[in-house]
Amino acid sequence: MSGVGTNMTQPFLSMQNVSKRYVGVQALDAVDFEINKGEIHCLVGENGSGKSTLIKIISGAVRPDEGAQIEIKGERFLDYGAIDAIHRGIEVIYQDLSLFPNLPVAENIALSQIVARGNRFVNWRDVQHIAEEAMDRIGVELSLDELLADILIADQQLVAICRALTRDVRLMIMDEPTASLTRKEVDSLLAVVHDMQSKGIATLFVSHKLDEVLQIAERVTVLRDGEKVGTFSSQELDDEKLTMLMTGKRVEYTQYVAEGQNDDVLLEARNLSKRGNFQDISFQLHRGEILGITGLLGSGRTELALALFGANPPEAGEILVRGRPTHLNSIQEAIGLGIGYVPENRLEQGLIMKQSIGKNIVITILKKLLNEFGLIDLNATQATIHNWIEELSIMVPSAGSPAQNLSGGNQQRVVLAKWLATDPDILILDGPTIGIDVAAKRAIHDIIRELAKQGIAIILISDEVPEVLQNCNRVIVMHKGRFIAEYDPQQATVDEVQDAIYLAGNYSRYRPRS
Amino acid sequence: MKKWLRRHETYVFLVIVLFSIIITSQNASFLTLENLFDLLKSYSFLGILAIGVLFVLISGGIDISFTAVATVAMYVMAIATIQYGGNMLTAFLIACSVGVALGLINAVIIYVFNIHSIITTIATLNIFYGVLTVLSGGKWIYGFPTWFREFADRRVLTLTNEAGVQYGLSTITLIWLAILIMAWVILRYTTLGRGLYAMGGNPDSAARVGFNIFRLQMFVYAFMGFLAGIAGVIQALLVQTVAPNSIVGKELDVLAAVVLGGASLFGGTGTLLGTMLGVALIAVMSNGLTMMRVPSFWYNVFIGLIIIISVSASAYRRRQRERRMIAVEAE
Ligand SMILES: Nc1ncnc2c1ncn2[C@@H]1O[C@H](COP(=O)(O)OP(=O)(O)OP(=O)(O)O)[C@@H](O)[C@H]1O
Ligand SMILES: [Mg+2]
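Definitions and limits used
- Residues numbered from 1 in each chain as written.
- Chains lettered and ligands numbered in written order.
- Predicted model: local features only at pLDDT ≥ 70, side-chain atom pairs only at ≥ 80, totals over all residues.
- Heavy atoms only, no water.
- Helix = DSSP H or I, 4+ residues; strand = E, 2+ residues; numbered from the N terminus.
- Rg over C-alpha atoms; globule rule 2.2 N^0.38 Å.
- Buried < 20%, exposed > 50% of the residue type's maximum accessible area, 1.4 Å probe, protein only.
- Contact = heavy atoms within 4.5 Å.
- Areas by Shrake-Rupley, 256 points an atom, 1.4 Å probe, with all protein chains shown as cover.
- Lys, Arg positive; Asp, Glu negative; His and termini not counted.
- Charge placed at Lys NZ, Arg CZ, Asp CG, Glu CD.
- pLDDT = per-residue confidence, 0-100.
- Domains from an automatic or database assignment.
- Buried area = accessible area lost by both parts, 1.4 Å probe.
- Salt bridge = Lys/Arg side-chain N within 4 Å of Asp/Glu carboxyl O.
- Polar contact = N/O pair within 3.5 Å; in protein donor to acceptor, adjacent residues only side chain to side chain.
- Nonpolar A, V, L, I, M, F, W, Y, C, P; charged D, E, K, R; others polar.
- Near = heavy atom within 4 Å.
- Pairing = 2+ DSSP bridges.
- Expected span 1.5 Å × (residues − 1).
- Axes fitted to C-alpha atoms, helices over the stretch in contact; angles between N-to-C directions.
- Phe/Tyr/Trp six-rings, centres within 6.5 Å; stacked < 30°, edge-to-face > 60°.
- Lys NZ or Arg CZ within 6 Å of the ring centre and 35° of its normal.

Chemist: Outline the overall build of chain B, supporting the account with residue identities and numerical values.
Modeler: Per the secondary structure count, chain B includes 15 helices and two strands. Relative to a compact globule of 331 residues, whose C-alpha radius of gyration would be 20 Å, chain B shows 21 Å and is just as compact. Seen through its principal axes, chain B has C-alpha atoms that stretch 70 × 55 × 35 Å. Sorting the 331 residues of chain B into buried and exposed places 50% on the buried side. Residue pairs in contact within chain B that sit at least 24 positions apart in sequence constitute 77% of those at least 6 positions apart. Accessible surface, chain B as shown: approximately 15700 Å² in total, 67% of it carbon and sulfur. Positive and negative side-chain charges of chain B, numbering 21 and 13 respectively, have mean locations separated by a distance of 5 Å.

Chemist: Just give me the short version of the confidence of the model for chain B, but keep the residues and values in it.
Modeler: All names here are of chain B. Looking at chain B as a whole, its pLDDT mean stands at 90, while 96% of the residues score no less than 70. For chain B, helix α1 (residues 2-5) is the element with the lowest average pLDDT, namely 71, and helix α4 (residues 44-58) is the one with the highest, namely 97. Counting interchain partners and residues more than four positions distant, the pLDDT-below-50 stretch residues 324-331 has 20 contacts. Taken together, the chains of this predicted complex give a pTM of 0.77 and an interface ipTM of 0.88.

Chemist: Any details on the domain arrangement of chain A? Residues and values, ideally.
Modeler: All names here are of chain A. Per the domain assignment, the segments making up chain A are domain 1 (99-167), domain 2 (253-338 + 425-514) and domain 3 (345-423). If you average the C-alpha positions of domain 2 and of domain 3, the two centres end up 26 Å apart. With 15 residues of domain 2 in contact, the opposing surface of domain 3 contributes nine residues. With both chains or domains summed, domain 2 and domain 3 bury close to 940 Å², and 66% of this area falls on carbon and sulfur atoms. For domain 2, the biggest contributors to the area lost against domain 3 are Ile436, Ile444 and Ile447; these three give 35% of the whole. The tally of links from domain 2 across to domain 3 stands at zero salt bridges. Viewed at the interface, domain 3 and domain 2 are joined by zero residue pairs in polar contact (both at pLDDT 80 or more). No other element matches the four residues that helix α15 (residues 438-453) contributes to the side of domain 2 that touches domain 3. Tallied by class, residues from the side of domain 2 that touches domain 3 come to nine nonpolar, three polar and three charged.

Chemist: How would you sum up the site of ligand 1? Please name residues and give values.
Modeler: All names here are of chain A. The immediate surroundings of ligand 1 are formed by 20 residues, with Lys51, Ser52, Thr53, Ser407 and Gly409 found nearest. One of the side-chain N or O atoms of asparagine 47 is found 2.9 Å from an oxygen atom in ligand 1. At 3.0 Å, a backbone N or O of asparagine 405 approaches an oxygen atom of ligand 1. Bound to the protein, ligand 1 loses 88% of the 640 Å² it would expose on its own. For the shell around ligand 1, the elements supplying multiple residues, two or more each, are β2 (25-35), α1 (51-58) and α14 (408-420). Looking at the shell around ligand 1 residue by residue, the classes come out as five nonpolar, 12 polar and three charged.

Chemist: Describe the side chain of lysine 51 of chain A, listing the residues and the values that go with them.
Modeler: All names here are of chain A. For lysine 51, the position within the fold is in helix α1. No salt bridge is formed by the buried lysine 51; its nearest oppositely charged neighbour, glutamate 176, is found at 5.7 Å. Apart from the residues lying within four places of it in its own chain, the contact partners of lysine 51 are Leu43, Val44, Gly45, Glu46, Val206, His208 and Leu223.

Chemist: Which residues make up the pairing of strand β16 (residues 339-342) of chain A, and what values do they have?
Modeler: Residue and element names in this part refer to chain A. Here β16 shows two buried faces, one formed by Ile339 and Tyr341 and the other by Gly340 and Val342. Sheet topology note: the β16/strand β17 (residues 426-430) ladder contains four bridges and is parallel. Within the sheet, the bridge partner assigned to tyrosine 341 lies in β17 and is isoleucine 428.

Chemist: How would you sum up α15 of chain A? Please name residues and give values.
Modeler: Residue and element names in this part refer to chain A. Its 16 residues give α15 an end-to-end C-alpha distance of 23 Å, which sits within 8% of 22 Å, the value for a rise of 1.5 Å per residue. All buried positions along α15 are accounted for by Val438, Ala439, Ala440, Lys441, Ile444, His445, Ile447, Ile448, Arg449, Leu451 and Ala452. Following α15 by one or two positions, glycine 455 adopts a phi angle in the positive range, close to 105 degrees.

Chemist: If you had to explain the sheet that holds strand β8 (residues 202-206) of chain A to someone new, which residues and values would you point to?
Modeler: All names here are of chain A. Here we have six strands laid out as an open sheet, ordered β6-β7-β8-β3-β9-β10, and mixed in their pairing. Every interior strand has two partners, whereas the edge strands, β6 (90-93) and β10 (227-233), have only one. Strand-to-strand twist of the sheet, defined as the mean angle between neighbouring strand axes without regard to direction, takes the value 15 degrees. Against the sheet, helix α8 (residues 239-247) contacts β3 (40-45), β9 (219-224) and β10, and its axis sits at roughly 35 degrees relative to β9.

Chemist: An account of unusual backbone geometry is needed here, citing residue identities and associated values.
Modeler: Residue and element names in this part refer to chain A. Its identity as a non-glycine residue notwithstanding, lysine 73 has a phi of 45 degrees, on the positive side. If you trace the backbone, lysine 73 turns up in the loop between β4 (69-72) and β5 (75-77). The backbone phi angle of aspartate 225 is positive, close to 50 degrees, even though this residue is not glycine.

Chemist: Please give an account of the packing of aromatic side chains that cites residues and values.
Modeler: Throughout the structure, instances matching the rule amount to 14 aromatic pairs over all chains. Measuring from ring centre to ring centre gives 5.2 Å for phenylalanine 309 of chain A and tyrosine 341 of chain A, while their planes differ by 35 degrees; the resulting arrangement is tilted. With phenylalanine 309 of chain A in the loop between α9 (301-308) and β14 (316-321) and tyrosine 341 of chain A in strand β16, this pair connects stretches of sequence that are 32 residues apart. Judged on exposure class, the residue phenylalanine 309 of chain A and its partner tyrosine 341 of chain A are both buried. Taking the centre distance of 6.2 Å and the plane angle of 35 degrees together, the rings of phenylalanine 297 of chain B and tryptophan 298 of chain B count as tilted. Judged by relative accessible area, which is 39%, tryptophan 298 of chain B ranks as partly exposed. Feature note: the residues Phe55, Phe219, Phe223 and Phe226 of chain B constitute an aromatic cluster, connected by ring pairs. Positioned above the aromatic ring of tryptophan 124 of chain A, the side-chain terminus of arginine 188 of chain B is 4.4 Å from the ring centre. Arginine 208 of chain B extends its terminal NZ or CZ atom over the ring of tyrosine 94 of chain A, reaching a point 4.1 Å from the ring centre.

Chemist: Please give an account of the sheet that holds strand β11 (residues 265-274) of chain A that cites residues and values.
Modeler: Residues and elements named next belong to chain A. On the basis of which strands lie adjacent, the open sheet formed by four strands has the order β12-β11-β14-β15 and antiparallel pairing. Both edges of this open sheet fall to β12 (278-286) and β15 (324-326), since each of them pairs with a single strand only. Along the sheet, successive strands turn relative to each other by an average axial angle of 20 degrees, direction set aside. Along the sheet face, α9 touches β11, β12 and β14 and points at about 60 degrees away from the line of β12.

Chemist: Explain the pattern of salt bridges residue by residue, including any values.
Modeler: All names here are of chain A. Evaluation of the coordinates by the stated rule reveals 20 salt bridges over all chains. Across the salt bridge formed by aspartate 126 and arginine 117, the nearest N and O atoms sit 2.9 Å from each other. Overall, aspartate 126 belongs to the partly exposed group, its relative accessible area being 25%. When the shortest N-O distance is used, the salt bridge between aspartate 168 and arginine 170 registers 3.1 Å. Taking the relative accessible area as the measure of exposure, aspartate 168 reaches 52% and is therefore exposed. Each member of the salt-bridge network shares a partner with another, and the members are Glu268, Arg270 and Glu318.

If you want it as structure tokens, here you go:
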């Protein structure tokens, strides 16, 4: 069924010589780009390589610099804007999904259609009808009366797709649609993309998860520093080649080997339970150890992490920090005990977008930066900021520019820097590399390993089994709030752990029609 | 059944019932048709303003200046009516035009200069009120024409109590009801109304979907001004005098009613039913405390307490719901 409807003679969209310059950065530099009717096309590149910028130009949200040529179905545009894109059937699903949390699902799907028609009045049966029709097109079922805020992120994504489908879409663009989805949910999404392809709808998507890029895309376009490296058929690529093309260098994965076991137990949990969250959790975390926890979304891993950070106190069981029983009823207490936590949902709760990058980094440690007069020591502040920008190789025009100008991946690094700067003894990282490119991922892994070497005890929570296997002393699989298996990364294989996760779960929320 | 338990309105309603029982046990004349009609008349003013504030809150903004707008509208209307005559229709027309104009000033400042609505309307509250005080010299106005006085006493339904005093459903209450129905249709059945919810929920997305944010803002603040105009006339009808300080200061009562009714200060949520229950709660509290002969300063303390309890209860329920959501899979 692959390649259905691909028409090689005339591309759906063709762009030549697209450039975009922002103050201090050449976000795009004379890029040519093409996508065919019904094609599944992927855009990859390191953080800040210009992917989102290209997408914004295709959608008409950002105007390219002088000299760009844009053609849709052979039609030339002189002054291409958002209206042209919409009228030609180009729909974008942004990373924030652009939905309305306070409105029901049905209305979220139908609203843009109703506005587009110019209706003065809203007929609720019509709303229902539009929503049902859109869901039918890709064979998904969502509860239409529920408020959007009350459904899972994965379902919210489907809502965004359904909304786009209420129009006559020819090209669906998704910016990192899978960043916050679990493997299983990604599979459902990819099934939807295939389904759209069979209806002649082209999909262009951005992703940092290379295996999934190779699995679904017919062609892959690689950007590096705003320049196009090339467009390749996914058959001629593999993980390693793709990484090479993106970074210009070879990035090798090495297995983390812990330097002997330290007997000093920093954190211990004894039979922790909380109804609806987790059940009977016991473990010991040693100085310098990296403990990996993996499992599906909703397996209780984040709830457990929050419990260890004082934000979600357990109902039963005991938590011991450095051998001493503690209650951990508040975040302040946890921080006081030297526990740090990098939250999962960093895009939402991590950054003050309008503030400068530097301020965002030091905001958690202002107290440490006071000089003898109790005022903020500007030199120390600058030094700290620059140290972290360098350490995490954050690509910034200057530390003073606002966080919102950064590319998505670089924003995530800023959040990470902010929490690492607190210099904790026990560090809980919940999905620290979501949305971060391969090279940077590697850099962050190196940092984590380095921190462990310095004696910090780390809990690394991640969806990505390879990530935990490569970087941990021990890996635990969580399912329905319980620890169900433990692995030694030296011996376990990715498939073995993967199987443990999926066989345990029967997580079938999405129902393909066929 | 379960759905009801999740709604804020249910709890407000239960509290009203509870208060009514307590008050009635102390003073039986609380739960009489006469007192009810009386409250429905005297709280039209608050009820109408609350509808306007609800619209503003839903759209993600806030308005503090509406009492000053209502006062200015009331003054202009009173002066024009006493000098040039006219009828009820012209009185409302004049007051509403003034209200809409002042509301548009708010909208333009908020949108064009991109200043937060709370700052803008605190400023305009002072400006509108200040200019009025200077121009009017703080003078009270009396001597409305007879038709103006008569309208205030007009009823659509008249009953007589044992003492022979007439009471009933006032025309003023009907105006409130008409506005309520209009507001309900706008919020529920027009693209404009859904746009207000959309804008309050996520302004960027609302713009992307195709709503004209500026137009929505203009509408919201103009509508608030329009209702302030009507409320101004109603206040004049109720007390038959116009004083510069008779309305200003009531902002907090109105905001309290709307917030008690479940509207969020962060925008995007709130219902007319909730808002009306909020108004009812305030009315019952205030009237009930008087009837139980509780000194009036306690009223403020009670309102404050109820707001805190109500807001924390709804925050608590929201947190519970989020918990339930995260923990779907764990058993
Ligand atoms: N509005 C803006 N003002 C200034 N610079 C910007 C702006 N938007 C993007 N940039 C810069 O342009 C470059 C490309 O950013 P873009 O968002 O396209 O990267 P990306 O490939 O999407 O990266 P990521 O994978 O991290 O999302 C970055 O260096 C970014 O800082
Ligand atoms: Mg991006």
